[in-house]
Every structure is written in structure tokens, then in C-alpha cells.
2 protein chains.
Amino acid sequence: MSAKSQQDRRREQRTQVRRAILDSTEDVLLDGGYEAFSIRRLVDRCGYTAPTVYHHFGDKAGLLDALLAERYAKFARTLKRLQHPDDAVEHLRAVAKAFVRFGIRHPDHYQLLFMPRAPDHAPPAVADEMRVQLDQAWSQLWEAGRLRSGGPESAAQSLWSLCHGLISGQIFRPDVTWSKTVTDDSIDALLLGLVSPEAERTPNRSRPAKARA
Amino acid sequence: MSAKSQQDRRREQRTQVRRAILDSTEDVLLDGGYEAFSIRRLVDRCGYTAPTVYHHFGDKAGLLDALLAERYAKFARTLKRLQHPDDAVEHLRAVAKAFVRFGIRHPDHYQLLFMPRAPDHAPPAVADEMRVQLDQAWSQLWEAGRLRSGGPESAAQSLWSLCHGLISGQIFRPDVTWSKTVTDDSIDALLLGLVSPEAERTPNRSRPAKARA
DNA sequence: GAAATCTAGCTAACGCTGTTAAAGTTACAA
DNA sequence: TTGTAACTTTAACAGCGTTAGCTAGATTTC
């Protein structure tokens, strides 16, 4: 029992150190932004030295990935709460808008999660979960014959691209006065253009076929 | 006469040096990509030393801006050739698609022109010309009452965001297998969702009100 | 209990980056 | 000839991500 508890205590200490480093990472990130973040600044803040950080996280990317995995988990939970299991279009609309809002409110996290530093460096695997989730909704619409043109991949990538463009535009061009409705307007418009209303295909029109899509 | 010609010769020498540095910049950029570009690599290639580059271009951003101003001028000329003065929607469609195609074919130039390195660093002023040109088309549609919702700013920023998202997605995620039709599909869909067909507004319904937009 | 092993953290350094101060060189003007 | 201005260089600064090599301490093994 003692041996086991010793191991546990050591593991606990390890996670405590990781916790402290991650918290300082978040601090530095928050008050300097992504561009200003550096290992030097981090170790000045958290008291440890650079090699300790490397010992625990491998390299800078590993450190940021670890931080982002936590943040993404939180975000994924809020996205799960938005599900409209009965209406694929409303599901896509809600997730897309929430996603854009998240990106604009947390530009540093967004950059780390979805804007790879180099073309070959893929973002953390956890960031693809959402895409898979959305792909399901698109397949559903495709099987229901409600995509006006193109396949479900094309539609999924369209919405994905629009969201990314909305976020990075508003992040990187604060000098532009962005329309307050651009996010809602563009997502609504794209869905309107991609998806045909339910009534067009199913002959039974028990429901009034929706004012929106 | 002699004095003047001397001055001219000096100016000519100056532009020659600038030309040589810019050409080497292009070379380094082409075979290493944007990430791998550095002043050191540049001066190794072009024979001059770093302070010479700084003397002529101010700093790294100035050097890249100078290169990009040239490249953008070429690009703007090809865009001008696409104008459909009689049909604002077709004009927007053609310019948007050409723009995305340009971005994907010249990722390094695109990054420099439209992806500022820091949130406060605005892209070169020359890059805004196109936006102004497109804004005119949107105002035209707005005045014709053909925007389904939102104002012309919102619509313009929607299309702009979509284009940017399409390009940066396909640049930075070569691991994803992008749909070959995603650019056309998404631009068509967004325009379809943003702009109502001409017949909807004018009471005379001589045309069947919906082939494309 | 003593020896071997493993872990965590440190100091100091490497090679790279953008940038610049200061000095030397060259060409033209007075 | 002397002065002035532009041009180019050498040498360096401050910062970056990263790592080799060492020490102190805890854990395991004999």
C-alpha cells in the first residue's frame, strides 16, 4: 500500500507542476497575446527554468497543445449542449454560430487550435472532433436529398471555411469596422444557399416547412 | 545637364540594387516558403549584407511589402479583366472565384498580402483596393433592393470572409482532401443566399425567377 | 542499511532570428 | 582640396527555441 501511495504522490506532484506551468502559460498568453508568448516570458512568470518546461512538455508546441486540449474540452462540452437532434440544419447553424463566437472571444486559443504555424504541422487531433460531429449532420442532409449541389464534403468544407474566415478576419483586422450581423447573416445565407427547404422533397407537409431554411 | 544625368544614374543604380534584392527575396520565398524566409538567407543569396537591405527597405515588413506591391499590381490587372459591368452578381462571383484561385496558387504571396503577422499590423494599403472595388458592386445590389437581409457591408464582409476561409483552409491543411468543387459550390451558395433574384423585386415576372441566383 | 537507478530541476550554452550603431568607402559638389 | 551625402560593411545586441551536462533527492534493489 505504501509503495503504491508513494507512486501516486509522485504522479500528483508531477501533475501539480504541470498545472502551475499551464496556468502561467495561460496568464502570459492572456496579457500578451499569442505573438508575445515565449518560453522565456513563461519561465520568468512561473519560477521554473526552461529545461523544466521542456522536461514536462517536450517542446513549445507540446506545451501549447496541452493547454489547448483542456480549453477545447471545455468548449466541446458547451457545443454538445447546442444539439438539435431533430433538425440537422438548426444544429449546423447553432454550432457554426457558437464556434465563431468562441473564436472571436478567445483569439489566442483559436489561433493555437485552428491556425497551424506551418503548413505541415497539423492542429491537435482533438480539434477535429467537431468536424466529425458536423460531418454527420451533413451526411444526414445529403441522404435526405436536401443539398442543392455538391456533396456533403463540399458543403461541410464550405461552412467550415466561412467560419474560419469570419473568425480570422475579425481577429486580425480590428481596424475594420465589422458589421455586427455579419456572422449571423453570412451563416444564414450560406445555409440558405446550400440546403433546400424540407418541403421541397418530402411530399407530406405536416409542418409549415420552416420560415428560415 | 551633367548634374541631372548623374542624379539619374544614381537613382537608377538605387533601383537596380532594390531590383536585385527583391528578386532574391522572391527566390528565397519560392523555394523555402514564407516560414523559412529570413534576412540571413536572403543576404546569403543576393550577396549584399543585412544593413544594406535595411537601408533600402527599412525593415523586413517593408521589404516584403515592396515585393508584394509589385505582385499585387499584376494580380489587380487580371482582376480588372473580369469585370461584368452589367451584372453585379456575376461580377462578384467572378472576382471571388479568381481571388480564391490566386490565393491557392500563390500561398506565400497571399499570406504576405492578406494575413498580417500581428493583429495591429495592417496589410499593405494596396491590398484594400479590391475590397473597395467589390463594395461598389454590393452597394449597387443594395440600392436595387436585392439583398435578402443585412446591409451591403455585411454582405461584402460575408463574401470576403468566405474567400479568406477557403484560401487559408486549403493552404494550411494540405492533409485534408478538399472537395474539388468547394470553392465554386460555396461561393455560388453564399451568393444565392445573400442576393435575391432580380425578378423578385420587379413586379414584372417575365423570367421564371430562379435559374441561378 | 548500502548501492544503484531514476526523476526533477538547474546552469550554461548553441544556433538561429530581426535589427542597429559605428566605421569605412565611394562619388559628387563647392 | 575639402566637405557632404549616399552606400556598404563589420561587429554586435537582445531575443528566440532548444539541449547537453550536471546536481540533489527520492525510489527501488540487493
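Note that the structure is predicted; figures quoted are calculated from it, not measured.

### Side note on the relation of the copies chain A and chain B
At step 1: Rotating chain A by 180° and translating it 0.0 Å along the rotation axis places it on chain B, where the RMSD comes to 0.1 Å. One copy is carried onto the other by what is essentially a two-fold rotation axis.
At step 2: Interface residue correspondence from chain A to chain B reaches 100%, placing this contact among same-surface, isologous pairings.

### So, the pattern of salt bridges
All names here are of chain B.
At step 1: The full count for this structure, using the stated rule, is 20 salt bridges over all chains.
At step 2: The partner of R71 in a salt bridge is E26, and the shortest N-O contact between them spans 2.2 Å. Of the two residues, R71 sits in helix α4 (residues 60-80) while E26 sits in helix α1 (residues 2-36), which places them 45 residues apart along the sequence. As far as the burial class goes, R71 and E26 line up, both buried.

### A look at the protein's contact with DNA strand D
At step 1: The immediate surroundings of DNA strand D are formed by 24 residues, with A:S38, A:I39, A:R40, A:Y54 and B:T49 found nearest.
At step 2: In the model, a phosphate oxygen of DNA strand D is placed 2.9 Å from a nitrogen or oxygen of the B:R14 side chain.
At step 3: For the surface near DNA strand D, the secondary-structure elements that each account for two or more residues are α1 (2-36), α2 (39-46) and α3 (50-57) of chain A together with α1 and α3 (50-57) of chain B.
At step 4: Taken together, the residues of the surface near DNA strand D sort by class into eight nonpolar, seven polar and nine charged.

### Regarding the packing of aromatic side chains
Residues and elements named next belong to chain A.
At step 1: Counted by the stated rule, this structure contains 13 aromatic pairs over all chains.
At step 2: Centroid distance F99 to W160: 5.5 Å. Interplanar angle 20°. Geometry classified as stacked. Residue F99 is located in helix α5 (residues 88-105), and its partner W160 is located in helix α8 (residues 152-172); the two are separated by 61 residues in the primary sequence.
At step 3: An aromatic cluster is defined as three or more aromatic residues linked by ring pairs; in this entry it consists of Y72, F75, F99, F102, Y110, F114 and W160.

### Quick look at empty space enclosed by the protein
All names here are of chain B.
At step 1: Using the criterion set out here, one finds three cavities of 30 Å³ or more in the structure.
At step 2: Reported here for the second largest cavity is a volume of approximately 90 Å³.
At step 3: Residue assignment for the lining of the second largest cavity shows that the elements contributing at least two residues are α5 (88-105), α7 (129-143) and α8 (152-172).
At step 4: At five residues, α7 tops the list of elements feeding residues into the lining of the second largest cavity.

### A look at α7(B)
Residues and elements named next belong to chain B.
At step 1: Here α7 contains 15 residues, and its C-alpha end-to-end distance of 22 Å stays within 8% of the 21 Å for a straight helix at 1.5 Å per residue.
At step 2: Contacts made by the buried residues of α7 are with α4, α5, α6 (107-114), α8 and α9 (182-194).
At step 3: Phi for G145, located one or two positions after α7, is positive at around 70°.

### Focus on the side chain of A:R173
At step 1: Along the chain, the position of A:R173 falls in the loop between α8 and α9 (182-194).
At step 2: Among the polar contacts made by the side chain of A:R173, one reaches the side chain of A:D175 at a distance of 3.1 Å.

### Section: the interface of chain A and chain B
At step 1: In this assembly, 40 residues from chain A lie in contact with 40 residues from chain B.
At step 2: Across the chain A to chain B interface the summed buried area is about 3,100 Å²; carbon plus sulfur atoms make up 60%.
At step 3: Taken together, chain A and chain B are joined by zero salt bridges.
At step 4: Counting across the interface, chain A meets chain B through eight residue pairs in polar contact (both at pLDDT 80 or more).
At step 5: At the level of elements, α8 and α9 of chain A are the ones that each hand at least two residues to the side of chain A that touches chain B.
At step 6: If one sorts the elements of the side of chain A that touches chain B by residue count, α8(A) sits on top with 11 residues.
At step 7: Of the residues assigned to the side of chain A that touches chain B, the class counts are 18 nonpolar, 14 polar and eight charged.

### Digging into α2(A)
Residue and element names in this part refer to chain A.
At step 1: Listed in full, the buried residues belonging to α2 are I39, L42, V43 and C46. Buried residues of α2, seen end-on, are gathered within an arc of 90° and therefore sit on one face of the element. Summarising the geometry of α2, the exposed residues directed more than 90 degrees from the buried face are R40 and D44.
At step 2: G47, located one to two residues past α2, shows a positive phi value of around 90°.

### Some thoughts on the environment of A:L159
All names here are of chain A.
At step 1: Positionally, L159 belongs in helix α8.
At step 2: Overall, L159 belongs to the buried group, its relative accessible area being 2%.
At step 3: Considering only alpha carbons, one finds L159 and I187, 28 residues apart in sequence, at a separation of 7.5 Å.
At step 4: Leaving out residues up to four positions away in the same chain, L159 has contacts with L92, A96, W138, I187 and L190.

### Looking at the side chain of B:S24
At step 1: Structurally, B:S24 can be placed in helix α1.
At step 2: The residues contacting B:S24, other than those within four sequence positions of it, are B:L42, B:R45 and B:C46.

### Some words on the packing of helix α2 (residues 39-46) of chain B against α3(B)
Residue and element names in this part refer to chain B.
At step 1: Between α2 and α3, the least distance of the axes is 9 Å, while the angle of their chain directions is 100°. Classified by the angle between their axes, α2 and α3 sit roughly perpendicular to one another. Contacts between α2 and α3 involve I39, L42 and V43 from the first element and A50, V53 and Y54 from the second.
At step 2: Looking at the contact of α2 with α3 residue by residue, the class counts come to six nonpolar, no polar and no charged.

Rules of the game
Residues numbered from 1 in each chain as written. Chains lettered and ligands numbered in written order. Predicted model: local features only at pLDDT ≥ 70, side-chain atom pairs only at ≥ 80, totals over all residues. Heavy atoms only, no water. Least-squares fit on C-alpha atoms with pLDDT ≥ 70 in both. Contact = heavy atoms within 4.5 Å. Salt bridge = Lys/Arg side-chain N within 4 Å of Asp/Glu carboxyl O. Helix = DSSP H or I, 4+ residues; strand = E, 2+ residues; numbered from the N terminus. Buried < 20%, exposed > 50% of the residue type's maximum accessible area, 1.4 Å probe, protein only. Near = heavy atom within 4 Å. Polar contact = N/O pair within 3.5 Å; in protein donor to acceptor, adjacent residues only side chain to side chain. Nonpolar A, V, L, I, M, F, W, Y, C, P; charged D, E, K, R; others polar. Phe/Tyr/Trp six-rings, centres within 6.5 Å; stacked < 30°, edge-to-face > 60°. 1 Å grid on protein atoms, 1.4 Å probe; cavity = no way out; pocket = protein on both sides within 12 Å on 5 of 7 lines; lining within 4 Å. Points joined across faces, edges and corners; volume = space filled by probe spheres on them. Expected span 1.5 Å × (residues − 1). Buried area = accessible area lost by both parts, 1.4 Å probe. Arc of directions from axis to C-beta. Axes fitted to C-alpha atoms, helices over the stretch in contact; angles between N-to-C directions. Parallel < 35°, antiparallel > 145°, perpendicular 65-115°, else oblique.

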